[in-house]
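In case you want the letters, here they are:
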Amino acid sequence: MLENELVVKALILVVTCLIALVLQVVATKFVKRVFQLANVPRSSIIVNVVRSLIWFLALLSVLEPVFGVQPTAFVAALGVTSIAVSFGLQTTISNLISGLGIMLARVFEVGDWIEVGTYQGVVTDITWRSTTIRTLVGDVVVIPNSVLNTTTLRKLAPLSARSVTIGLDIHPEADMVEVERDVRESVEKAVAEWVDPEVGVLLIHQGYGTFGFRLDVKVCLRDMANGLAARQAIVHACSGRSWLARW
């Protein structure tokens, strides 16, 4: 009698495991296909969640017939434990949910230039927990997705993302026609190897300030990898000019 009971329990356990394996294969293929059609990268975490859910349900189905444990009591005990664990993983869960929202909404993609708080750079990687950007000076900044979800984020247009701007204070008595000509010639020569020829050098009047006329020199580059070098070149090209009110 005992042997027959053990055989029945073993059979239930084997059949349940086989059904769970089949469901796992079907469900994971379906999830991967859905994420592929939605063009959402890194679906592995969702696949793992689906797999865990299937095996959890399989475990619940065999608790009473095989192990003699009431599923309700097990779920109740597991619920108390889950609440305690969730408090410790609150930040991680927030990052995962925010990461899913960013990927599904396609707020930005790898290669886009974004500005978050005081950081501005090109997106080099997007994971479920964080987003990595590389700044103009080459610093690598890892930003938790929960921060991106609660902070104002600016996605920069190509012109703005690939541009370097330097502000100049022009002496009030300077001839602005001559100043513009001098600035344009000097800057174009200084950044000739990096500037985007379709845009070139832009001179933007910002009105009259504390020290004189305010003139912004904006240069659109072909590649922001040379942004720091271009900025230094513009500063050197304009330094020491007689028309500068101050530097």
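Keep in mind the model is a prediction, meaning the values are calculated, not measured.

1. Quick word on the overall build of the chain
The helix and strand tally for the chain stands at eight helices and nine strands. Across the chain, the fraction of contacts at a sequence separation of at least 24, relative to all contacts at a separation of at least 6, is 60%. Surface summary for the chain: the accessible area is close to 15,100 Å², and the carbon and sulfur share equals 61%.

2. Comments concerning the sheet that holds strand E5 (residues 153-155)
If you trace the five strands from one edge of the open sheet to the other, you get E4-E3-E2-E1-E5, paired in antiparallel fashion. Two strands in the sheet have a free side with no partner beyond their single neighbour: strand E4 (140-144) and E5. With strand direction ignored, the average angle separating the axes of adjacent strands in the sheet is 40 degrees. Bridge count between strand E1 (residues 113-116) and E5: three bridges; the pairing is antiparallel. In the sheet register, Glu115 faces E5, and the bridge partner there is Arg154.

3. Concerning the environment of Val219
For Val219, the location among the structural elements is in strand E8 (residues 213-220). Sequence-wise, Val219 and Ala230 are 11 residues apart; in three dimensions their C-alpha atoms are separated by 8.5 Å. With residues near it in sequence (within four places) discarded, Val219 still touches Arg162, Ser163, Val164, Val187, Val191, Val195, Gly200, Val201 and Ile234.

The rules behind the values
In this convention, every chain numbers its residues from 1, walking through the sequence in written order. Only residues with pLDDT of 70 or above have their local features reported here, since the model is predicted, and side-chain atom pairs are shown and tallied only from 80 upward, although totals for entire chains, interfaces and linings are computed over all residues. Side-chain figures throughout are based on the complete set of non-hydrogen atoms in the structure, without hydrogens or water. Helix and strand definitions follow DSSP, with helices as H or I runs of at least four residues and strands as E runs of at least two, each counted in order from the N terminus. Contact definition: two residues touch when any of their heavy atoms are within 4.5 Å. The method behind every accessible area is Shrake-Rupley, applied with a 1.4 Å probe, and residues are considered shielded solely by the protein chains displayed. Here, strands pair whenever DSSP counts at least two bridges between them. Note on geometry: axes are lines fitted to C-alpha atoms, helical ones only across the stretch in contact, with angles between N-to-C directions running from 0 to 180 degrees.

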